[in-house]
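The lines below spell out each chain.
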Amino acid sequence: MAARINYSIQNSLWLLNPLHSKATTHFRNRLKFRQNLFSLSKGAVFCSYATNTDKSGTEPADPFVLTTPLYYVNAPPHMGSAYTTIAADAIARFQRLLGKKVIFITGTDEHGEKIAAAAADGGSSPSEHCDVVSQAYKTLWKDLDIAYDKFIRTTEPKHEAIVKEFYSSVLANGDIYKADYEGLYCVNCEEYKDEKELLENQCCPIHLKPCVARKEDNYFFALSKYQKLLEDTLTENPDFVQPSFRLNEVQGWIKSGLRDFSISRASVDWGIPVPNDNKQTIYVWFDALLGYISALSEDRDQPSLRTAVSSGWPASLHLIGKDILRFHAVYWPAMLMSAGIGLPKKVFGHGFLTKDGMKMGKSLGNTLEPNELVHNFGSDAVRYFFLKEVEFGNDGDYSEDRFIKIVNAHLANTIGNLLNRTLGLLKKNCQSTLVVDSAVAAEGTAFKDTVEKLVQTARGHYENLSLSSACEAVLDISNAGNSYMDEHAPWSRFKQGGAASEAAAKDLVIILEAMRIIAIALSPVTPNLCWRIYEQLGYSNEQFGNAAWSDTKWGGLKGGQVMAQPKPVFGRIELKTGTEDGGEPAAAKQVAKKKEKKAKAQAVAEA
Ligand SMILES: Nc1ncnc2c1ncn2[C@@H]1O[C@H](COP(=O)(O)OP(=O)(O)OP(=O)(O)O)[C@@H](O)[C@H]1O
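Per-chain numbering applies: the sequence of each chain, read as written, is numbered from 1 onward. In keeping with the predicted nature of the model, local features appear solely for residues at pLDDT of at least 70, side-chain atom pairs appear and are counted solely at 80 or more, and the whole-chain, interface and lining totals rest on all residues. Values shown for side chains rest on all heavy atoms present in the structure; no hydrogens or waters enter the calculation.

**Considering the UniProt feature "domain: Methionyl/Leucyl tRNA synthetase" (unreviewed entry) in the protein chain**
What counts here: UniProt positions are given in the numbering used here, feature names are shortened, and annotations may be inferred rather than shown by experiment. Runs of H or I in DSSP of at least four residues are treated as helices and runs of E of at least two as strands, each being numbered from the N terminus.
Those residues carrying the UniProt feature "domain: Methionyl/Leucyl tRNA synthetase" (unreviewed entry) are residues 198–423 in this numbering. Annotated as residues 198–423, this span is 42% helix and 18% strand, and its ends, taken at the C-alpha atoms, are 60 Å apart.

**Some thoughts on the site of the ligand**
Applied cut-off: Nearness is defined per residue: one heavy atom within 4 Å of the molecule or strand is enough. We call two N or O atoms a polar contact when they sit within 3.5 Å, provided that within protein one can donate a hydrogen and the other can accept it, with sequence-adjacent residues counted only if both atoms are side-chain atoms. Residues are grouped as follows: Ala, Val, Leu, Ile, Met, Phe, Trp, Tyr, Cys and Pro are nonpolar; Asp, Glu, Lys and Arg are charged; every other residue, Gly included, is polar.
Lining the immediate environment of the ligand, one finds 24 residues, of which His78, Lys359, Met360, Lys362 and Ser363 sit closest. Contacts to the ligand include glycine 321, whose backbone N or O atom sits 3.0 Å from an oxygen atom. Separating an oxygen atom of the ligand from a side-chain N or O atom of aspartate 323 is a distance of 2.8 Å. The element best represented in the shell around the ligand is helix α3 (residues 79–97), accounting for four residues. Counted by class, the shell around the ligand contains nine nonpolar, 11 polar and four charged residues.

**Concerning the side chain of threonine 106**
To be explicit about the condition: Exposure categories follow from relative accessible area, calculated using a 1.4 Å probe and restricted to protein chains: below 20% of the type maximum is buried, above 50% is exposed, and the middle band is partly exposed. In this analysis, two residues are considered to be in contact whenever any of their non-hydrogen atoms come within 4.5 Å of each other.
Residue placement: threonine 106 occurs in strand β2 (residues 102–109). A residue is classified by how much of its surface remains accessible, and threonine 106, at 0% relative accessible area, is buried. Here threonine 68 takes part through its side chain, which lies 2.7 Å from a polar atom of the side chain of threonine 106. Setting aside anything within four residues of it in sequence, one finds threonine 106 in contact with Thr68, Pro69, Leu70, Tyr71, Trp141, Tyr148, Lys150, Phe151 and Ile152.

**Description of the nonpolar core**
Selection rule: Among buried residues, the Ala, Val, Leu, Ile, Met, Phe, Trp, Tyr and Cys ones that are joined through side-chain atoms within 4.5 Å form a nonpolar core. The start and end points of each domain follow an automatic or database-based domain assignment.
Counting residues in each nonpolar core, the largest one holds 179 residues, and the members touching the most others are Met79, Phe166, Ile293, Trp313, Phe386 and Phe403. In terms of residue count, helix α20 (residues 498–521) provides more of this core than any other element does, 14 residues in total. Residue assignment places this core across two domains, with domain 1 (4–10 + 21–47 + 62–372) and domain 2 (400–574) each supplying three or more. Ignoring sequence-local partners within four residues, the contact set of phenylalanine 386 consists of Met79, Tyr83, Leu353, Leu368, Leu373 and Tyr398. Leu184, Cys189, Cys204 and Cys211 belong to the second largest nonpolar core, which has six residues in total.

In structure tokens, the structure reads:
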């Protein structure tokens, strides 16, 4: 606590310095600002967003502010960049379903040596290069149905103004000094490295390229001053870093001793000039992290740190890859502490999409092309596969075979086919009209309880960011629906007529109600598919848009509601002949043939 008070006094004294205009009012506000930080570090800032109020008509006070990394525009986006953004979009959509006001921030990080080099390689100016690559991100996000609220580019004037203000604030707090630095630099990480973390030939373990020896007269940020405060903060708020196993890593870095880091570059022109020293530019990370705050600044406002901070900060969740955990869980909190700004509530470092065991990345050039995937398979398939099949937090590999098998099995068969055959039976036997309310149809069945339990499970997983398990729970609703259909065989009961036929009509209502619930519960992951399901159930686009998580409660479908003409909501993806001929085991082919035969037989029986 002593350390905290010292910072407060130090900073307050700076604010009384007559060199700084508007010192008195600013001083009072600043103190408030700072007091916030202190109460925050006692725990308030770290309260779990999972406890936020449900959609209930009353607007909760704090928005749910969620960020992806601001992607470095040294090259166009790849599947790794898309992965974080898809996950963030699913979380944002889930929070909106809960009724939270969400501010989903993404954007591009556009300064630094790598960008200048990439632009020169392509024969364009850095700003032309940034315009093109930044637009490529926006286009991909559109194709992947990413519904972000703010897209910040670090070359925007409002960002530059806020970075300069922040820098001056940290400087005034006595946390910036000038010194010589000599070390090994990874241009791809834009970071000086500790020799002991490097591979043979002084290679960066992420980019596998040798680091270069550099000596510069730079400005430094006094990170070491925040060692104790960071240690205490993490001890008091262990949920700050997620998944929990990454907390140990972060605590290990801090324990091993924090060294001040250089926050300016004398050799890089493409950057924000250091206030009061135009010969240097601000280090790209010190600049880019501030994008999470400058994104909150409204274009109509005069850009200021205070206004931006008061428009939604602190962030509820920074979603990042584990490669940039140190920047987000060590450097960034210390920078914020220095400037007297509250800390984000949570930093989640997910794993890597890998290719042959190596992180897929722009610098290594071993990337998977997301545009091609979306073009070939559609955004729902891409979103579903990566969120379902890569445990969020761990690494995961991609194979086209697995992609096709999973998406076909889950989305086309388990979900799509169940809906389609149920609607087919309803059309044939009930003129596509529900005979009774779903609440009445489910009376006395255990199926409704199963569905309600699975919905609760899915919600818990979404809240804990266990996105794969959330998908699994929703898929289990459909699995339960398929089992229910097979057990009750409504197609044969319709043939019996009388009471059996009435019971069969109720069974269809039950299955369709489960489909309605799936359409809401899976909509954070596969929004288009879920809309098509909703549409098949006779709802309008507006009704789908207004659906809330609370609508997953059993009983939404009412007797008399007319369903749409049945049509497949998710077309099966055909395996390329080459892949099948290229070695699918004979046994697998036989199993597939048997399944096909069984499905045909069932279709005949249902008809
Ligand atoms: N292979 C990957 N798996 C998962 N996420 C990734 C992957 N690659 C990039 N990302 C996401 O992008 C962020 C890094 O963004 P950046 O723009 O630096 O991309 P990059 O491809 O990692 O670049 P580089 O290869 O030059 O380091 C990661 O923190 C993560 O959010």
